[in-house]
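Here's the letter readout for the chains.
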Amino acid sequence: MAQISSDLDFNGCSVVYSWPSTNKISGYLADEGNALWSQHNLKKFLNDVATKSNAENIYLLAHSLGNRELTGAFIELIKENPSLKNRFKALIMAAADVDTMIFLRDIAPALISTESMITLYVSRNDKALMLSDKLHEHSRVGESGYLPVIVPGIETVDATDVDDSYLGHSYYSTSRAVLSDIYYIIKKHLKADFRFSLQAIDTKEGGRFWKFCK
């Protein structure tokens, strides 16, 4: 987080919420339970940040399995206290290890109702999410595949072409292009159509997503 804050030239207060991950492949099933268990504590933490700090603009960033925990906590918080909506300006979901169908049916509509700017970063080369896909026998939101997840009111950005790492799972913190794009979300509050590094793709199936210009 310190490196990301430096790269973004972020002059606010950067805070990391650390949940009890085993940080190993063999502990993945335990991690799913730990993330769910920790969601209640994260909701309380977000409430404290919003109500007890002087922060007027709060930006949320989650990676991988942490997206399940953060989206659940954030949605519950806003449902319980709608007056906090104007504090949370953006939610950035990187390489989200979230079931696609659950996201489309339950999570996405609730996120849109929070009125925050929601951005999904996805990739076709994310080997970690490919493994999660096989384990669950359902696609993950952070994969792009033939066509990435497209939801009106949520901006999906395909980062496949700007990540050359082996696992393809940490581009949100290592790719200069992705970091620059996050910069324009946080510092300039620009929608995807106005961020110079992105190219809009209109699909035959309906809906628009964006990818990084080569």
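Structure: above.
Here the structure is a predicted model, which is why all the values come from computation and not from measurement.

Draft legend 1. Region of interest: the packing of helix H2 (residues 28-52) against helix H3 (residues 66-80). Two elements in contact, H2 and H3, have axes whose closest approach is 8 Å; the angle formed by their N-to-C orientations is 30°. As summarised for this structure, H2 and H3 are arranged roughly parallel, according to the angle between their axes. Of the two elements, H2 crosses H3, and the hand of that crossing is right-handed. The segment H2 lies against H3, with Tyr28, Glu32, Ala35, Ser38, Gln39, Leu42, Lys43, Leu46 and Asn47 engaging Arg68, Glu69, Leu70, Gly72, Ala73, Phe74, Glu76, Leu77 and Glu80. Looking at the contact of H2 with H3 residue by residue, the classes come out as eight nonpolar, four polar and six charged.

Draft legend 2. Examining the sheet that holds strand S6 (residues 208-212) more closely. Strand order in this open sheet of six strands is S1-S2-S3-S4-S6-S5, and the pairing throughout is mixed. Two strands in the sheet have a free side with no partner beyond their single neighbour: strand S1 (58-63) and strand S5 (198-202). With strand direction ignored, the average angle separating the axes of adjacent strands in the sheet is 25°. Where S1 and strand S2 (residues 88-94) come together, six bridges link them in parallel fashion. Directly across from His63, in S2, lies its bridge partner Ala94. Together, S1 and S2 form the strand contacts of H3, whose direction differs from that of S2 by roughly 155°. Running at roughly 175° to strand S3 (residues 117-122), helix H7 (residues 176-186) makes contact with S1, S2, S3, strand S4 (155-158), S5 and S6 of the sheet.

The rules behind each value
Residues numbered from 1 in each chain as written. Predicted model: local features only at pLDDT ≥ 70, side-chain atom pairs only at ≥ 80, totals over all residues. Heavy atoms only, no water. Axes fitted to C-alpha atoms, helices over the stretch in contact; angles between N-to-C directions. Helix = DSSP H or I, 4+ residues; strand = E, 2+ residues; numbered from the N terminus. Parallel < 35°, antiparallel > 145°, perpendicular 65-115°, else oblique. Left-handed = near helix turned anticlockwise from the far one by under 90°. Contact = heavy atoms within 4.5 Å. Nonpolar A, V, L, I, M, F, W, Y, C, P; charged D, E, K, R; others polar. Pairing = 2+ DSSP bridges.

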